[in-house]
Amino acid sequence: MKYQTELKDDILFIRLEGDLIASTDTQQMIDSVGGLQEGKVLLCAVDMSNVRFMDSSGMGVLVSLLTKFRNRGGELVLIKPSDHIRKLLIVTKLNAIFTIAENEDFAAQFLKESTY
């Protein structure tokens, strides 16, 4: 899995590409996001549009990220997960805890409104 991060308007955007499975890359991503959180970044949007496959470890990564942000009073949104990933979220009932945005603009708007 590849990932890129960008901090824009106090929102951390994480863009994922490939398979979201247990790997050194996923652990590195979690650690780097934890480091950013020490800097009081409270809002995060994870772009899932280029994720082809996700296993239970990948679901754990998403839940871990969500927990990190919510424990600090923040929020996390998933951007445009593929049909396959959406079905996994529904089957596992994770769609009940994650907000899904169709694009980056909607994600940013939702996150900014969630802080008031």
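Below is a short write-up of the structure. (Residues numbered from 1 in each chain as written. Predicted model: local features only at pLDDT ≥ 70, side-chain atom pairs only at ≥ 80, totals over all residues. Heavy atoms only, no water.)

### Notes on the sheet that holds strand E2 (residues 11-20)
Selection rule: Strand pairing requires that DSSP identify at least two bridges connecting the strands. By definition, any uninterrupted DSSP run of H or I lasting at least four residues is a helix, any uninterrupted run of E lasting at least two residues is a strand, and each is numbered from the N terminus. Every angle, taken between N-to-C directions, lies between 0 and 180 degrees, and every axis is a line fitted to C-alpha atoms, over only the stretch in contact when it is a helix.
Spatially, E1-E2-E3-E4-E5 is the arrangement adopted by the five strands of the open sheet, whose pairing is mixed. Every other strand in the sheet has two partners, leaving strand E1 (2-8) and strand E5 (99-101) as the edge strands with one partner each. The average undirected angle you get between the axes of adjacent strands in this sheet is 25°. Sheet topology places strand E4 (residues 75-79) next to E5; three bridges connect them, and they run parallel.

### Some thoughts on the pairing of E2
Just so we agree on the cut-off: Relative accessibility under 20% of the residue-type maximum defines a buried residue, over 50% an exposed one, and the middle range a partly exposed one, all with a 1.4 Å probe and only protein chains included.
With seven of ten residues buried, E2 is to be regarded as a mostly interior element. Here E1 pairs with E2 via seven bridges, running antiparallel. Pairing of tyrosine 3 across the sheet is with leucine 16, part of E2. The loop that links E1 with its antiparallel partner E2 comprises two residues; one of these, aspartate 9, has a positive phi angle of about 55°. Sheet topology places E2 next to strand E3 (residues 43-54); nine bridges connect them, and they run parallel. Within E3, the residue paired with leucine 12 across the bridge is cysteine 44.

### So, the pattern of salt bridges
Applied cut-off: For this document, the term salt bridge refers to a Lys or Arg side-chain nitrogen within 4 Å of an Asp or Glu carboxyl oxygen.
Scanning the entire structure with this criterion turns up seven salt bridges. Between aspartate 9 and lysine 112 there is a salt bridge whose closest N-O contact spans 3.9 Å. Placement of aspartate 9 in the loop between E1 and E2 and of lysine 112 in helix H4 (residues 104-114) is noted, with a sequence separation of 103 residues between them. The partner of aspartate 19 in a salt bridge is arginine 52, with the nearest N and O atoms 3.3 Å apart. On the criterion of sequence distance, the pair formed by aspartate 19 in strand E2 and arginine 52 in strand E3 is long-range, its members being 33 residues apart. Salt bridges linked by common partners bring Glu6, Lys8, Arg15 and Glu104 together as one network.

Don't take any of this as a statement about function, it's just geometry.
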